[in-house]
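# Remarks on the overall topology
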Amino acid sequence: MKYCEVEVQGRLPKESCIITSDDVFDFMLDLRALNDGIDEKREDLFEEYLDAKYSEFRFRSLEDYERLKKVNLARSKTQSKFVRKNLMDNVREHSNGESAFLYFTEKIKENALYLLDEPENSLAPARQLELVRFLEDSARFYGCQFVISTHSPFVLSMRGAKIYDMDENPVDVKRWTQLENVRLYYDFFKKHEGEFL
């Protein structure tokens, strides 16, 4: 960092922030915890459904009204529809990679500066390419600026990016195809090229 100098002109936009891989991971853990709570509630609702559907319930007073609604709902719906009606959708419709990508789409707002620390963590190659398109569009159409620390050849290939090779002393600007780690990928795939036929 001693080789870097930053000067912010004007005020830093309110939405600007640093997003680390730990932030993304914490978001995924929060979703998992929410899922665990939903799974427990779902089991309770299965039992409630069976209890309501096959009960010998009789409506005797207005105090029984809530129970009457539950019994009628259970008798008019299948078990899965009863549970769905009484339970929010399970958040676990997303894989870890989808959840990580969702984090970026929710966190990044218009006209802000973002420092991203290895945003490719938890993302499969296809999702990394999707993230690249999202970041490019955010910069092009929504006035966002990004400073990104990454090893991902996909993220490094972003159009219009100025890439600093931090492994050089002094730090040097390079094309993404000149970086050592990208060259390692290239050499590896070139060596195994015949296996892709």
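Above this text is the structure in question.
Every value quoted in this text rests on a predicted model; they were computed, and no experiment measured them.

## Some details on the pairing of strand β2 (residues 113–117)
What you see with β2 is a clean split: Tyr 114 and Leu 116 sit on the buried side and Leu 113, Leu 115 and Asp 117 on the side with no burial. Across three bridges, strand β1 (residues 17–19) lies against β2 in parallel orientation. Among the inter-strand pairings, Ile 18 is bridged to a residue of β2, identified as Leu 115. With five bridges connecting them, β2 and strand β3 (residues 145–149) associate as parallel partners. The residue of β3 that forms the bridge with Tyr 114 is Phe 146. Each parallel crossover has a hand, and for β2 linked through helix α5 (residues 125–142) to β3 it is right-handed.

## A word on the sheet that holds β3
Strand order in the open sheet formed by three strands is β1-β2-β3, and the pairing between neighbours is parallel. Lying at the two open borders of the sheet, with one neighbouring strand each, are β1 and β3. For this sheet, the mean angle separating the axes of adjacent strands, direction not counted, is 20°. Most of the contacts of helix α4 (residues 96–107) go to β1, to which it runs at about 175°, and overall it touches β1 and β2.

Here is what the cut-offs are and how they apply
As a convention, each chain's residues are numbered from 1 in the sequence order in which they are written. The predicted nature of this model means local features are confined to residues of pLDDT at least 70 and side-chain atom pairs, given and counted, to a pLDDT of 80 or more, with totals for whole chains, interfaces and linings taken over all residues. Hydrogen atoms and water are omitted, and side-chain values are computed over all heavy atoms in the structure. Buried, partly exposed and exposed residues are distinguished by accessible area as a fraction of the type maximum, computed with a 1.4 Å probe on protein chains only: under 20%, between the cut-offs, and over 50%, respectively. Helix and strand definitions here come from DSSP, where helices need a minimum of 4 consecutive H or I residues and strands a minimum of 2 consecutive E residues; each element is numbered from the N-terminal end. For two strands to pair, DSSP has to find at least two bridges joining them. By definition, the crossover connecting two strands over a helix is right-handed if that path, from the first strand to the second, turns clockwise as seen with the strands pointing away from the viewer. In this analysis an axis means a line fitted to C-alpha atoms, helices contributing only their contacting stretch, and an angle means the value between N-to-C directions, from 0 to 180 degrees. Note on contacts: a residue pair is in contact if any heavy atoms of the two residues lie within 4.5 Å.

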